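A look at the structure
Chain residues, written in single-letter form:
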Amino acid sequence: MDILNALVTFLNFVFVPALAYGAQLALGALGATLIYGILRFSNFAHGDTMAFGTMTVILFTWGLQALGISFGPLPTALLALPFGIAVTAMLLLATDRGVYRYYRRVKAAPVILVMVSLGVMFIMNGIVRFIIGVGDVNFTDGERFIITAGQFREMTGLQEGLAIRMTQAVTVVVAVIAVALLFWFLQKTRTGKSMRAFSDNEDLALLSGINPDRVVAVTWIIAAALATTAGTLYGLDKSFKAFTYFQLLLPIFAAAIVGGLGSPIGAIAGGFVIAFSEVMVTYAWKKVITYIVPESMAPEGLVQLMSTDYKFAVSFAILIIVLLFMPTGLFKGKSV
Amino acid sequence: MAEPFLIGDAMTGGYGGADILHDCTIAVEKGEIAVIVGPNGAGKSTAMKAVFGMLKLRKGAVRLKGEDITTLTPQARVAKGMAFVPQTHNIFTSMTVEENLEMGAFLRRDDITETMEQVYELFPILRQKRYQAAGELSGGQRQQVAVGRALMTRPSVLMLDEPTAGVSPIVMDELFDRIIEVARTGISILMVEQNARQALEIADKGYVLVQGANRFTDTGKALMADPEVRRSFLGG
Amino acid sequence: MSGAQMTAQASAQTPAKVAMMFAGVALLFVLTGMFQSWNLALAIVNMALISSIMALGVNMQWGYAGLFSVGTMGFVALGGLAVVLVSAAPVPGAWALGGPGIVMGLILGALTIAAAIFVWARMPRGRMRGFATAAVLLGGFFAFRAVFDPAVAAVEANNPATAGNLGGLGLPVLLAWPAGGLLAAAAAWAIGKTALGLRSDYLAIATLGIAEIIIAVMKNEDWLARGVKNVISLPRPVPYEVDMQQSAAFVDWATRWGFDPATASSIIVKLLYAALFLIVLLALIWLSETALKSPWGRMMRAIRDNEVSAAAMGKDVKRRHLQIFVLGSAVIGIAGAMMTTLDSQLTPGTYQPLRFTFLIWVMVIVGGSGNNWGSVLGGFLIWWLWVMVEPMGLWLIQMVTAPMAEGWLKTHLLDSAAHMRLMTMGIILLLVLRFSPRGLIPEK
């Protein structure tokens, strides 16, 4: 029995990766849930918005690198983030002006807006592929590790190591800052409160003199900020590939729905629920179990519930269970 | 006769299809309470919504302080000093009581603490529950939040669409008392009521509508005393 | 909420106008044949026929019933899988090694789910019910893995370079087409049972997920159809070009008419495929038009146009939705099987949602939701565009970049021309939704 080594193994292979992934999903889901709350449709272009935002950040990162500017041990992409957000926000505002606004005017059914977002998705996907291509882009620089497995073993004398990559730490810290800012904005500022009011009861918000165009514009800007941040963090942690961002749509919506569509706090909780389930179900527990149980009972197989190729199935299964048994999600979003 | 403070004059119109209102006139004087009563489907709420600009009039006009506001949007009428409390969905359920009041004052750029204080004095229970989500309150308290939210713009006219629908008789009496208090501060009240008898008791002016047209118009007391009104609309 | 209720009103098209539009699209193909090659034109026709059938299936779900399902890709892939299971050559020894184990495992899995549903339905509400259901599922899962895993390992170890799968039944490939429909229908039934009845956005997300999962299974379960190692040389329902070119009679015939035997053989093969596909397409249109005019079809549209009042009139909305969802998916599955037959290979790695789900949706919307002929027109037009936008985009970019100096920008632009098609499709979809929401041939 070796609880300490088992714990370190668990932290290293399950907790830390899931925490970083969960933070990325949470930011993505926050954007999707805000758009749902204010504009009342599921934005299928959200994954590709993330891809677009990340792409602009990558381009600015390259520019900064060419100018010889770096951010010390931190990835240069963090410096490029504000520029990326600005460009993405402009794109989304232009999209709203050119595409979505008309459907709000004619009060189109939500499903029509979803279809319109499919068209936007096609175009954004095309733009991203056109500009940066379909290949893998690695834009991480700076320090690779905060602590490596070797250093950790030396420090603690344990058999197992706990490696924390810089990108994982950056992900969590940036996500915490972004979420704190968002909640401060929604809870404390006049504009933020008017957004919540609009999401809660559109007619009454109009009666109270809240300007819907302004609310919608602010929503797109925030969605751009969240999507760009989420996409950049994901890209730093893994790598950037246009197509993987489209595939993130499923876990992101699963997270938003699990938390309760329209509920920001739910989106965060949902992000972590999905991320931890995905990692835990697809992790081979053999090592952890071997440390805990007596030697004679050590498992022979990998003790992996599902192969990692089926991680989508995990978010999907959770999604279905939530939809069937608590359709409004964990935090009572808008539903059915 | 001098022009009333607010008047929907000879209004005719509907929601796009057939006309619901036929030459219907509703008016309220400054600081008075006017009540619209009538059987189901008489167009009571429609008449009120017409005064507030929520449907298009084919004929007739709406004037506030003598100014023609017929073509203004509801939002613009709010800016002109009219406040409207819908019958349902009249609060922000996920927001706290205080935030509801703040949203009511969204158009105001000046200090709203004094107005909020007045609302809390009018509805002391709201002060106790100011940090609670409005959706968690009881039916009567929700109506208080709704009225409070509308008062935050410091309106000159408060319009209430069946404020006592679905609340208990005790709560209803209490709510009517509060409405009288509001009227005493100089705010005109125009309301639609299902509970015709109790409403006419507090009304300075009563309108009995039938099929979108004025049937009886008089002071509340006179209508209560009118045998025909009593027989047809007040259940004897 | 459906195509028919989309905002702006377009007046119904006259038959002459419809004929004109079909003639216009036909002209595109004729021009392609004349200026490029008939081989290319026919290749586009064949995929256009298949795409039209897929569009018919989506149209049944969306146009008839207002179901917003974006799982099309999954059913296409299942149809392809059916081709391998039905018509691929059997793998010697595979069944003996692991067949029974795999079947047993799958049965165990199905029993587990059935038992869990039974427990959930029969036990009284409460915490115990949740625990019992979870216990059944967990126990069943481990039992399933215990039986299933060794059998899979045995099958996959069997001659992995060329097989490693269970193999097919070796039956004629045409049988695989209805089989593909059945497989897709079975999957659709299971999906519909759980996901239908959700609000429209949720159904979309759920079906999107299902499609991804079906592809993931096909990529990773090597015992089933070799996963990403692909199954090639599937049998054909038509003769092989090589055989024709070696037949003296054929070469004789071709030369007598002044054709190059190689070109002639490949054109004839494509024509034969086209004939087969056309038969299926026409049969399906006839069936669905007949169904649409029947009381069943009228009820379907009544439900679509006003679900609440249809339910109030005693219509079992969920059941009808399930029916049409299964039927539409079956049609998509048939088309999927046809496509794999045309390709003679199953390559799970090539199934992309943009191509197999959203492009089909563009066809339906552009053609006119709720109208079968619209789906066919949309299928032909959009597929032709999808193929031709790439060379046209390249040409356009060459024109634009011609005056530019050689350099990375020019190279990059030329390299990226291929991605123009996604943008084009998006723009077409947006334009149609905005200015002609009822499509080219609106519903009658």
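No experiment lies behind these values; they were computed from the predicted model shown. (Residues numbered from 1 in each chain as written. Chains lettered and ligands numbered in written order. Predicted model: local features only at pLDDT ≥ 70, side-chain atom pairs only at ≥ 80, totals over all residues. Heavy atoms only, no water.)

Quick look at the pairing of strand β10 (residues 213-219) of chain B
Residues and elements named next belong to chain B.
- As defined by bridge partners, strand β9 (residues 205-210) adjoins β10 across six bridges and the pair is classed as antiparallel. Bridge assignment links Tyr207 to a residue of β10, and that residue is Thr217.
- Where β9 folds back on β10, the antiparallel hairpin that results is connected by two residues, among which Gln211 adopts a positive phi of roughly 50°. (Pairing = 2+ DSSP bridges. Helix = DSSP H or I, 4+ residues; strand = E, 2+ residues; numbered from the N terminus.)

Description of unusual backbone geometry
All names here are of chain C.
- Although it is not a glycine, Asn230 sits at a positive phi angle of roughly 65°.
- The topology assignment puts Asn230 in the loop between α8 (222-225) and α9 (241-246).
- Positive phi is not limited to glycine here, since Ser233 has a value of about 50°.
- By the secondary structure assignment, Ser233 is in the loop between α8 and α9.

What about the packing of helix α7 (residues 190-200) of chain A against helix α3 (residues 97-104) of chain B?
- Taken N-terminus to C-terminus, the directions of α7(A) and α3(B) make an angle of 100°; their axes are 10 Å apart at the nearest point. When the axis of α7(A) is compared with that of α3(B), the two are roughly perpendicular. Seen from α7(A), the contacting residues are Arg190(A), Lys193(A), Ser194(A), Arg196(A) and Ala197(A); seen from α3(B), they are Glu99(B), Glu102(B) and Met103(B).
- Grouping the constituent residues of the contact of α7(A) with α3(B) by class yields two nonpolar, one polar and five charged. (Axes fitted to C-alpha atoms, helices over the stretch in contact; angles between N-to-C directions. Parallel < 35°, antiparallel > 145°, perpendicular 65-115°, else oblique. Contact = heavy atoms within 4.5 Å. Nonpolar A, V, L, I, M, F, W, Y, C, P; charged D, E, K, R; others polar.)

With respect to the interface of chain C and chain A
- At the interface, 52 residues of chain C touch 53 residues of chain A.
- For the chain C and chain A pair, buried surface summed over both sides reaches about 4700 Å², with 78% attributable to carbon and sulfur atoms.
- A per-residue breakdown of the area chain C buries against chain A is headed by Tyr202(C), Ile205(C) and Leu430(C), which together make up 14% of the total.
- In this structure, the connection of chain C to chain A is made through zero salt bridges.
- The interface formed by chain C and chain A holds eight residue pairs in polar contact (both at pLDDT 80 or more) in total.
- In terms of residues, the side of chain C that touches chain A owes the most to one element, helix α7 (residues 200-220) of chain C, which gives 14 residues. (Buried area = accessible area lost by both parts, 1.4 Å probe. Salt bridge = Lys/Arg side-chain N within 4 Å of Asp/Glu carboxyl O. Polar contact = N/O pair within 3.5 Å; in protein donor to acceptor, adjacent residues only side chain to side chain.)

Examining the pattern of salt bridges
- Under the defined criterion, the tally for this structure stands at 25 salt bridges over all chains.
- Salt-bridge contacts for Glu160(A) lead to Lys287(A); the nearest nitrogen and oxygen are separated by 3.4 Å. In this pair, Glu160(A) sits in the loop between α5 (149-156) and β2 (164-165) while Lys287(A) sits in helix α13 (residues 286-292), placing the two residues 127 residues apart along the sequence.
- Judged by relative accessible area, which is 9%, Glu160(A) ranks as buried.
- By relative accessible area, Lys287(A) is classed as partly exposed at 38%.
- With a shortest N-O distance of 3.0 Å, Arg304(C) and Asp305(C) are connected by a salt bridge.
- Classification of Arg304(C) as buried rests on a relative accessible area of 6%.
- Residues participating in the shared-partner salt-bridge network are Arg301(C), Arg304(C), Asp305(C) and Glu443(C). (Buried < 20%, exposed > 50% of the residue type's maximum accessible area, 1.4 Å probe, protein only.)

Details of helix α1 (residues 3-39) of chain A
All names here are of chain A.
- At Leu11, α1 shows its maximal bend, which comes to roughly 45°.
- For α1, the tally of buried residues reaches 28 of 37 residues, placing the bulk of the element in the interior.
- Backbone geometry just after α1 places Arg40 at a positive phi near 65°. (Bend = angle between axes of the 7 residues up to and from the residue.)

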